[in-house]
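Structural characterization, general
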Amino acid sequence: MIQVVDLHKTYRDVAAVAGLSFEVRPGAILGLVGPNGAGKTTTLRSISGIIPPTRGRLLVAGHDVVADPVAAKRHLAYVPDDPKLFETLTVWEHLMFVASAYGVDDFEPRAEEHLETFELLPKRDTIAQELSRGMRQKVAIACAYLHEPAALLFDEPLTGLDPHAIRTLKRSIVERAAAGAAVMVSSHLLALVEDLCTDLLILQRGRAVFCGSVEEAHARFGTLDGAGSLEDVFFRAIEESPS
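Residues numbered from 1 in each chain as written. Predicted model: local features only at pLDDT ≥ 70, side-chain atom pairs only at ≥ 80, totals over all residues. Heavy atoms only, no water.

1. Digging into the sheet that holds strand β10 (residues 207–213)
- The strand order β6-β7-β8-β3-β9-β10 describes an open sheet built from 6 strands, whose pairing is mixed. The open sheet has two edge strands, β6 (76–79) and β10, and neither has a second partner. Each neighbouring strand pair of the sheet contributes to a mean axis angle of 15 degrees, computed without reference to strand direction.
- Its contacts with the sheet put helix α8 (residues 214–221) on β9 (199–204) and β10, and the angle it makes with β10 is roughly 115 degrees. (Pairing = 2+ DSSP bridges. Helix = DSSP H or I, 4+ residues; strand = E, 2+ residues; numbered from the N terminus. Axes fitted to C-alpha atoms, helices over the stretch in contact; angles between N-to-C directions. Contact = heavy atoms within 4.5 Å.)

Below you can see the structure in the form of structure tokens.
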């Protein structure tokens, strides 16, 4: 569902991503992890079509993100770490706008369901500039889900969410994957990645240190008895990567 082939992204003389290739199949949840500056956000923004790659090929549901961006984005939703809402639109007007942009017919029942799931019904007619950080995050997630995308990208999705909302979001991500979506989650919270993800992509300086299933990561970088945490796996993988 998501295919990245030899992705390069250079800012002036700095290579943010250098030769990255991987894919995310339907039903998989890929955890994207790495130190600050490893290229995680650049990778997500490239796949979502926000920034153009310097070189490489990006496909979403078989559509080339650069050559056919509209077709690719119809199958895609991206929730950044700091969602930018329309400050003077209400929560419901955001959903109306997204439904119009994606051509979602009879969106109201689905939108109401998302508002209820993320406890946004009391804020339905509140404008975005009056929402808390966590509420804004919930609105962005509800909007991302509205057109039922085949590929979902999350960048630090738990920022600002309270414990109940975190549990709701985690459950919803698992449900989306079970329904056939391909999901990518970038996070520094390795416990979240360990709870959610079927697969793991570890980046270091714009390159893949490891790409495979979580079980394979534990087998390669974990302790001999298999008792190590994903945190142990992560640090060992980073330490063993070429400098």
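Next comes the rest of the description.
2. What to know about helix α5 (residues 133–146)
- Taking 1.5 Å per residue, 14 residues should reach 20 Å; α5 reaches 20 Å between its end C-alpha atoms and fits that length.
- Counting buried residues along α5, 13 of its 14 residues qualify, which places the element largely inside the surrounding structure.
- Glu-148 sits one or two residues past α5 and shows a positive phi near 50 degrees. (Expected span 1.5 Å × (residues − 1). Buried < 20%, exposed > 50% of the residue type's maximum accessible area, 1.4 Å probe, protein only.)

3. Let's talk about the pattern of salt bridges
- Evaluated as defined, the whole model comprises 10 salt bridges.
- Ionic pairing is found between Lys-84 and Asp-82, a salt bridge with its closest N-O pair at 3.1 Å.
- Overall, Asp-82 belongs to the partly exposed group, its relative accessible area being 37%.
- A salt bridge links Asp-195 to Lys-170; the nearest nitrogen and oxygen atoms lie 3.0 Å apart. Placement of the pair is Asp-195 in helix α7 (residues 190–196) and Lys-170 in helix α6 (residues 163–178), with a sequence separation of 25 residues.
- The class for Asp-195 is exposed, based on a relative accessible area of 53%. (Salt bridge = Lys/Arg side-chain N within 4 Å of Asp/Glu carboxyl O.)

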